[in-house]
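Residue-level listing of the chains:
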2 protein chains.
Amino acid sequence: MENITLDRCCIHTITTKPWSLPQAVENYAAMGIKGISVWQNATEGIGPHRAGEIIREAGLEIVSYVRGGFFTHTGSAGRAQAIENNKKLLEEAAALGASMLVLVCGASPGQSLETSRQQIKEGITAILPLAEKLKVKLAIEPLHPMYAADRSAINTLAQANDMAEHFNSPFVGIAVDVYHLWWDGNLEGEIARCGANGNLFAYHVCDWKVNTIDMLNDRGLMGEGCINLKQIRSWVENTGFKGFCEVEIFSNIHWAKDQHLFLEEVVEAFVSKV
Amino acid sequence: MENITLDRCCIHTITTKPWSLPQAVENYAAMGIKGISVWQNATEGIGPHRAGEIIREAGLEIVSYVRGGFFTHTGSAGRAQAIENNKKLLEEAAALGASMLVLVCGASPGQSLETSRQQIKEGITAILPLAEKLKVKLAIEPLHPMYAADRSAINTLAQANDMAEHFNSPFVGIAVDVYHLWWDGNLEGEIARCGANGNLFAYHVCDWKVNTIDMLNDRGLMGEGCINLKQIRSWVENTGFKGFCEVEIFSNIHWAKDQHLFLEEVVEAFVSKV
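- An unreviewed UniProt entry lists chain A under the name Sugar phosphate isomerase/epimerase, from Dyadobacter sediminis.

As structure tokens, this is what we get:
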């Protein structure tokens, strides 16, 4: 497997959470990074339109806007509100100049995962016309089964493939994140299926630490954990995927560091481990 | 779904970890509980033979001895040692009078999950003749994907079914634990498959708390979480399973309580929520 170059490196703003968007943009660009995925919180106080200008002025490409979804609720009013919120996020993505919105689809204690998946389907159906109009693609992100209680009822790539294939639209696809999917014995086949159906929209990398101490914010830098990143990238690229590899790390440990030093570690890990 | 009676209640000694084995036995029996699964640590200082006598004298049935497995190692010496350890555990199970040894099969950072699964297969192959001789069944327990790094390379019931069917032996089957498997969209079908092939050896219950704060020791009492226990039990019983429902809770929170009060909660939750 050939090493990857920085030309294909995208970083999620959440990865360097302590930085403001202008700081992140300046430092990413200075390191030779070409892509950025923008979390909603990073545009606060700037607004999506100006955020987009700042990013383009620095020569970075906007890969995705993060994150919509959370379609599930035990009450219908909550589901209607979620749809409105997702429409707002699509407008923000368009104002930013992002061509993709990542969806963390939701799960709600008190109802079955099957019911939640039905609500997710209804939610995507409701926002798809606006996504098409704005030309913003929707990327369903399957989440690790440890988030099945309240974050996502879509926990395997097989389930995400089922959902994307149901829509059979160029505006509905999937974000494959190694953190959520690395353990799956069917991953190679499901990645191939995802690509063959035109649904492989995005590829996210980080690592799974052997002694994970926090279920949300203890992701590893690539190389710190046990995921065979080069093998999974080879499966992704075997589908013809040539897009960005997006670094998305939530980590109390890494956020506590000097972010300039951390960014150097990210770049080093990207070119050697991804 | 009819409520379940205490006749089918088995408790794992680890659930009331602060108690010694004699304390656990006395209190379980006093509450009308009929079954006990014995963790290895509970026999320390007593020995498995005497432990078995204490349990039978109190009128409790020994359901399983917990836990063998951990067959995977990057080095062959480690794998050979694991096999010897499992043989010792089988002898202890026989001395105790347990007819089943639960296997947490192992995973090792530094090798693929596929390699680990091959080593698990080799490990079970190596100990199966002794298991048959001693008439101690081996119950493969698939573990939640969040334990795939270092505890188990068998993370779904489908994988456990594949493994058990490979052996096609009355002495190799599966322990189905709701904590590890509740999220799986294929669970109903895989439980049916497990039962149809004669591999459903054991059924473990607890609950998945929505805000789990510790990946090992924050399991919920039945009813504290989001698992649809009655639905899963119906799937298990649809296969003809009439065995014990084993309460296995690791919880720093529950262990910190007065264990008499906790046992009352367990009994109440068992008859109303399982």
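**Things to note about the sheet that holds strand β4 (residues 100–104) of chain A**
All names here are of chain A.
Here is step 1: Spatially, β1-β2-β3-β4-β5-β6-β7-β8 is the arrangement adopted by the eight strands of the closed barrel, whose pairing is parallel. Each strand axis lies, on average, 30 degrees off the axis of its neighbour in the sheet, ignoring direction.
Here is step 2: Where strand β1 (residues 9–12) and strand β8 (residues 245–247) come together, three bridges link them in parallel fashion. What sits directly across from cysteine 9, in β8, is cysteine 245.

**As for the pairing of strand β7 (residues 200–205) of chain A**
Residues and elements named next belong to chain A.
Here is step 1: With respect to burial, β7 is a largely interior element, six of its six residues being buried.
Here is step 2: Of the strand pairs in this sheet, strand β6 (residues 172–177) and β7 are connected by four bridges, and their pairing is parallel. Looking at the pairing, aspartate 177 lines up with histidine 204 of β7.
Here is step 3: Two elements, β7 and β8, share three bridges in a ladder whose sense is parallel. If you follow tyrosine 203 over to β8, its bridge partner there is cysteine 245.
Here is step 4: Crossover connection from β7 via helix α8 (residues 229–237) to parallel β8: handedness right-handed.

**A closer look at the sheet that holds strand β1 (residues 9–12) of chain B**
Here is step 1: Here eight strands make up a closed barrel; going around it, the order is β1-β2-β3-β4-β5-β6-β7-β8 (chain B) and the pairing parallel. Averaged over all pairs of adjacent strands, the angle between their axes in this sheet comes to 30 degrees, without regard to strand direction.

**Regarding the packing of aromatic side chains**
Residue and element names in this part refer to chain B.
Here is step 1: Considering all chains together, one arrives at seven aromatic pairs over all chains under this definition.
Here is step 2: Directly above the aromatic system of phenylalanine 201 lies the positively charged group of lysine 137, at a separation of 4.7 Å from the ring centroid.
Here is step 3: Sitting above the plane of the tyrosine 179 ring, arginine 219 keeps its charged end 4.4 Å from the centroid.

**Re the relation of the copies chain A and chain B**
Here is step 1: Superposition record for chain A on chain B: RMSD 0.0 Å, screw rotation 180 degrees, translation along axis 0.0 Å. Taken together, the turn and the small shift mark the pair as related by a two-fold rotation axis.
Here is step 2: By residue overlap, the copies meet face to face through one surface: 100% of the interface positions of chain A are interface positions in chain B.

What counts and how
Residues numbered from 1 in each chain as written. Chains lettered and ligands numbered in written order. Predicted model: local features only at pLDDT ≥ 70, side-chain atom pairs only at ≥ 80, totals over all residues. Heavy atoms only, no water. Pairing = 2+ DSSP bridges. Helix = DSSP H or I, 4+ residues; strand = E, 2+ residues; numbered from the N terminus. Axes fitted to C-alpha atoms, helices over the stretch in contact; angles between N-to-C directions. Buried < 20%, exposed > 50% of the residue type's maximum accessible area, 1.4 Å probe, protein only. Right-handed = clockwise from strand over helix to strand, strands pointing away. Phe/Tyr/Trp six-rings, centres within 6.5 Å; stacked < 30°, edge-to-face > 60°. Lys NZ or Arg CZ within 6 Å of the ring centre and 35° of its normal. Least-squares fit on C-alpha atoms with pLDDT ≥ 70 in both. Contact = heavy atoms within 4.5 Å.

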